[in-house]
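Overview (structure and organization)
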Amino acid sequence: DALLQPPSTSEGTARWWHWGAKSFVSLGVVALTAAAALSASSTSSAPSSADSSNTLRLLATTLSCPSVDCGQFARSRHRGHCKGPETSKHCQKKCCKRINCDHIVGFSCGSNIGPSFMARMVPHGLEGLHRHRKHCKGEDDCKDRCCQGTCAETTCSAPYLFKRPFPPKLCTLSTCQSQCCYDESYCGNGLNAWSSACKAGKSKLEWCEGELMVSRSSVTQSEWNHLVYEKVDAGALPPGCEEDSIVDCRVNLHYSLVSVFTFHRSDEGVSVNTVAVVPGATEALSGGDDQQVFKWRIVQGNVGILRNYSSHTAAIKQVYPFADATFFCAATAKEAMVWLVQAGHDHKDSIEMEFTPEDPRKGAGPVGVTGCIGLNTYETAVVGLTNSYAALWEWKVSHFLSIPVDPKLEFRWEIEKDFGYYKHWPAWDTGHGIKKALLSWWEHRYHLWRGYAERRLTDTETEPSQGVVPPEAAPAPPNPPPNRDLKHKWLDEVHIRAKVKKSSLWYLHKKLRRSSKAAPWDNTFTNLNWGDVPNFFYKPDGWGAVTALVEIPSDTLFVLGYEDGSIRTWRTYNGFIVSVIPKAHAGGVNALLAAPAGGSFYSGGHDGFIKIWRAINGHPVGIIYSAFAGPVASLAMIPGGNAIYSGHYSGLVYLWAVSGTALCKLDTEGGKVNSLAVNPGTIGQLLIAQENGYVTVWSQR
């Protein structure tokens, strides 16, 4: 076969002679041309002064790096050259490098920025972290890396409203406002009294007294609640001002504090954003604004610290141990990383893979990560993004599938995956002619090229409120399906489009194989032949960022909650839509929790409600009213599924029976309850990640 076999010896000799003859002729022409040029130069006059000046000017544009003036906030390299002048971007980038903060001449934080700023102090043991490296380049970068201000002397200005309840002690110049103060996004976008009070910079009680124009101390609890319910029913007051009579968990269930982990409290990072129990039930993982993930023993707290994972460059949003207890995923606003659990900052090769999102669409802005969970399948994770998409990430081989699936964009990736070439398409397909032909034929075969723009289902008010997306949402193809005889039709089409011998194509077809028998989804050819292919592109339209993720392992499904209050269920093996709940909450969806059986899940939102849904069709199952505790921030379930915990923005944690009855409450007094984790190995043990920088461990005696 000429495509796959190397050329024969005689053919190679003939080719050598053919090109050799051409080479000798070319050399002769070049020699004659050079001789003519030399003769002409010897008989011509001396070059003019203008030509000489141009030549000198061109030579002068090449500068040596030691001669480039890098200014006060950088230093010159000792070797190298650049294209001048020395103020050009090329010279400044190539010849100027970072300078140590202590070596900047004539610079001090107090005199150059303000009296409230001081030289940055690097905590012992953290000198190697990205945010603590005292090397900078450029004035703005040096002010950030070399100096620190104090939140106590920072004045909040729009769009930042008021001081945070638990601000860090110190801050960086460019981010002091966001570190020390909060904006409206901190308060949530739901209809809840706590959110309204937060935006007004008041406590909930103070705000409710102003809205009702009644002092709480002047009426009884029943009278107060009666006034609240009247206003809520009239639409003049959001729910949440009412009071409850639920008993403290320390009284009726004898909860007590077992241990506290405080290592996330640093000078510029306070909040602990996530906590999870490592399979084995003796160790925990936690991450916070200090950009670090710690592993520690649950019952020992600070004393039981084991390792830290410190290659992240932004605050940790979520940690999620995989079911195999070998790896875990950690998500920040910039990236998602898969780590080896038994490794840390002092172990080599501890980072297995990193996912940094990009939006290839024209004009699309930067994309951030919102969360990461592992699926109960072969080395696969789901990464939530800020642009309403998610990534079904097969991290071991660096492949991902966007959710929602756009078949027009994903086909090339899937063809490569089906053919078993994980890294690159075979080099012998010069110009990717066969790949393009295959792509074109498969698009034609399933009508992806005809009327594609019309085959869309957008998220509008006419969208069904619950249930499986109806099949009539995608119009029938205009033509009957083409012949699906793979052996003959495939060869004919690719033979015509790529102009390749049928014998070569048949040899290639015999060599094709499934990419991975253990992969979570089957190969595209199998899916297509089953008819399991999207007939429309479910385009995100105003959904907002992905704010919550959870897997439904019993049904090979996963659920995503969005900033606009909608919830959607997707299939784990191909990323196709299953059900839609367009208005699940009045405000963003903050937390999702899968029931241990039955294919149902819980959702908690900014409106303070906890709702129960069927994953396969989106039908509502139940509702738990918890608006008086503030927006729901986190959810966790006790083993067996008889009760759930809810953590709230107000700092309260509630224990609920699945029927909706509140069993008890716990006031953490530590600000927003960012994350909850139940230890399945110890009855009644709960881990709480708090805004004040503590992870507290409570246990039932």
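Residues numbered from 1 in each chain as written. Predicted model: local features only at pLDDT ≥ 70, side-chain atom pairs only at ≥ 80, totals over all residues. Heavy atoms only, no water.

Looking only at helices and strands, the chain features 16 helices and 39 strands. Counting every position in the chain, which comprises 701 residues, the buried fraction comes to 49%. Long-range pairs, those at least 24 residues apart, make up 51% of the contacts in the chain with a sequence separation of at least 6. Roughly 33,800 Å² of accessible area belongs to the chain as shown, and the carbon and sulfur atoms make up 56% of that amount. (Helix = DSSP H or I, 4+ residues; strand = E, 2+ residues; numbered from the N terminus. Buried < 20%, exposed > 50% of the residue type's maximum accessible area, 1.4 Å probe, protein only. Contact = heavy atoms within 4.5 Å. Areas by Shrake-Rupley, 256 points an atom, 1.4 Å probe, with all protein chains shown as cover.)

Every α-helical turn comprises 3.6 residues, leaving residues that sit three or four positions apart pointing alike. Over its 13 residues, helix α10 (residues 221-233) runs 18 Å from end to end, which matches the ideal 18 Å to within 8%, given 1.5 Å per residue. All of the buried residues in α10 are Trp 224, Asn 225 and Val 228. Burial along α10 is one-sided: seen end-on, the buried residues are contained in an arc of 95 degrees. Along α10, exposed side chains directed more than 90 degrees from the buried face belong to Ser 222 and Asp 233. Elements that come into contact with the buried residues of α10 comprise α9 (204-212). Where α10 ends, the next residue or the one after it, Gly 235, has phi of about 75 degrees, a positive value. (Expected span 1.5 Å × (residues − 1). Arc of directions from axis to C-beta.)

For the rest of this paragraph, the subject is the packing of aromatic side chains. If you walk through the whole model with that rule in mind, you get 18 aromatic pairs. Where Phe 162 meets Tyr 182, the ring centres are 6.1 Å apart and the plane angle is 50 degrees; that geometry is what we call tilted. With Phe 162 in strand β9 (residues 162-163) and Tyr 182 in strand β11 (residues 181-182), this residue pair connects regions lying 20 residues apart in the sequence. What makes Phe 162 partly exposed here is its relative accessible area of 33%. Look at Tyr 182 and you get buried, because its relative accessible area is 6%. (Phe/Tyr/Trp six-rings, centres within 6.5 Å; stacked < 30°, edge-to-face > 60°.)

What follows covers the sheet that holds strand β35 (residues 652-657). If you walk across this open sheet you meet the four strands as β33-β34-β35-β36, and the pairing is antiparallel. Looking along the sheet, the strands with just one partner apiece sit at the ends: β33 (632-637) and β36 (662-667). Along the sheet, successive strands turn relative to each other by an average axial angle of 20 degrees, direction set aside. Examined bridge by bridge, strand β34 (residues 643-648) and β35 share five bridges and lie antiparallel to one another. Bridge pairing in β35 links Ala 643 to Ala 657. (Pairing = 2+ DSSP bridges. Axes fitted to C-alpha atoms, helices over the stretch in contact; angles between N-to-C directions.)

Of the residues in the chain, 69% have a pLDDT of 70 or more, and the chain-wide mean is 77. The weakest mean pLDDT in the chain belongs to helix α16 (residues 524-529) at 39; the strongest belongs to strand β38 (residues 686-690) at 97. Here residues 52-59 scores under 50 on pLDDT; set against residues more than four positions off or in separate chains, the count is zero contacts. Note on residues 449-487: pLDDT is under 50 here. Beyond four places in sequence and across chains, it has 82 contacts. (pLDDT = per-residue confidence, 0-100.)

Another point: the state of the cysteines. One pass over the full model with this rule turns up 13 disulfides. In this model Cys 70 forms its disulfide with Cys 96; the gap between the sulfur atoms is 2.0 Å. What sets the handedness of the Cys 70 and Cys 96 disulfide is the S-S torsion sign, and at about -90 degrees it is left-handed. One end of the pair, Cys 70, is in the loop between β1 (62-64) and β2 (75-76); the other, Cys 96, is in strand β4 (residues 96-97), with 26 residues separating them in the sequence. Judged on exposure class, the residue Cys 70 and its partner Cys 96 are both buried. In this model Cys 208 forms its disulfide with Cys 241; the gap between the sulfur atoms is 2.0 Å. Around the S-S axis, the bridge from Cys 208 to Cys 241 shows a dihedral of about -85 degrees and counts as left-handed. Of this pair, Cys 208 sits in helix α9 while Cys 241 is found in the loop between α10 and α11 (249-252), placing the two residues 33 residues apart along the sequence. (Disulfide = S-S within 2.5 Å.)

This part is about empty space enclosed by the protein. Going through the model one piece at a time under the given rule, you end up with two cavities of 30 Å³ or more. Every residue lining the second largest cavity is listed: Cys 249, Tyr 255, Tyr 645, Val 653, Tyr 654, Leu 655, Leu 666 and Leu 686. If one sorts the elements of the lining of the second largest cavity by residue count, β35 sits on top with three residues. (1 Å grid on protein atoms, 1.4 Å probe; cavity = no way out; pocket = protein on both sides within 12 Å on 5 of 7 lines; lining within 4 Å. Points joined across faces, edges and corners; volume = space filled by probe spheres on them.)

Glancing now at the sheet that holds strand β26 (residues 557-562). Strand order in this open sheet of four strands is β25-β26-β27-β28, and the pairing throughout is antiparallel. Here the strands that pair on one side only, and so sit at the sheet edges, are β25 (546-552) and β28 (577-581). The average undirected angle you get between the axes of adjacent strands in this sheet is 15 degrees. With four bridges joining them, strand β27 (residues 567-571) and β28 adopt antiparallel strand pairing. Residue pairing across strands places Arg 568 opposite Val 580, the latter belonging to β28.

A separate point is the pattern of salt bridges. Scanning all chains against the criterion turns up nine salt bridges. The residue Arg 145 makes a salt bridge to Asp 141 at a minimum N-O spacing of 3.4 Å. Taken as a pair, Arg 145 and Asp 141 lie in helix α5 (residues 139-146) at a separation of four residues, close to a single helical turn. Using a relative accessible area of 14% as the deciding quantity, one classes Arg 145 as buried. Looking at Asp 141, the relative accessible area reads 23%, which means it is partly exposed. Note that Arg 216 is salt-bridged to Glu 243, the shortest N-O span being 2.7 Å. With Arg 216 in the loop between α9 and α10 and Glu 243 in the loop between α10 and α11, this residue pair connects regions lying 27 residues apart in the sequence. A relative accessible area of 17% means that Arg 216 is categorised as buried. Residue Glu 243 is classed as partly exposed on the basis of its relative accessible area, which comes to 28%. In the salt-bridge network here, residues are joined through shared partners; they are Arg 98, Asp 141 and Arg 145. (Salt bridge = Lys/Arg side-chain N within 4 Å of Asp/Glu carboxyl O.)

A surface patch of positive charge is lined by Arg 75, Arg 77, Lys 93 and Lys 137. Inspection of the secondary structure assignment puts Arg 75 in strand β2. (Patch = residues over 30% accessible without salt bridge, like charges linked within 9 Å, V, L, I, M, F, W, Y side chains within 5 Å. Lys, Arg positive; Asp, Glu negative; His and termini not counted. Charge placed at Lys NZ, Arg CZ, Asp CG, Glu CD.)

By the secondary structure assignment, Ile 373 is in strand β21 (residues 369-374). Residue Ile 373 is classed as buried on the basis of its relative accessible area, which comes to 1%. Contact partners of Ile 373, with chain neighbours within four places excluded, come to Gln 318, Tyr 320, Phe 322, Ala 381, Val 382, Leu 549, Val 550 and Glu 551.

The next thing to look at is α5. Buried residues of α5: Cys 142, Lys 143, Asp 144, Arg 145 and Cys 146, and no others. For α5, the elements touching its buried residues are α4 (109-112), β6 (118-119), β7 (135-136) and β8 (147-150).

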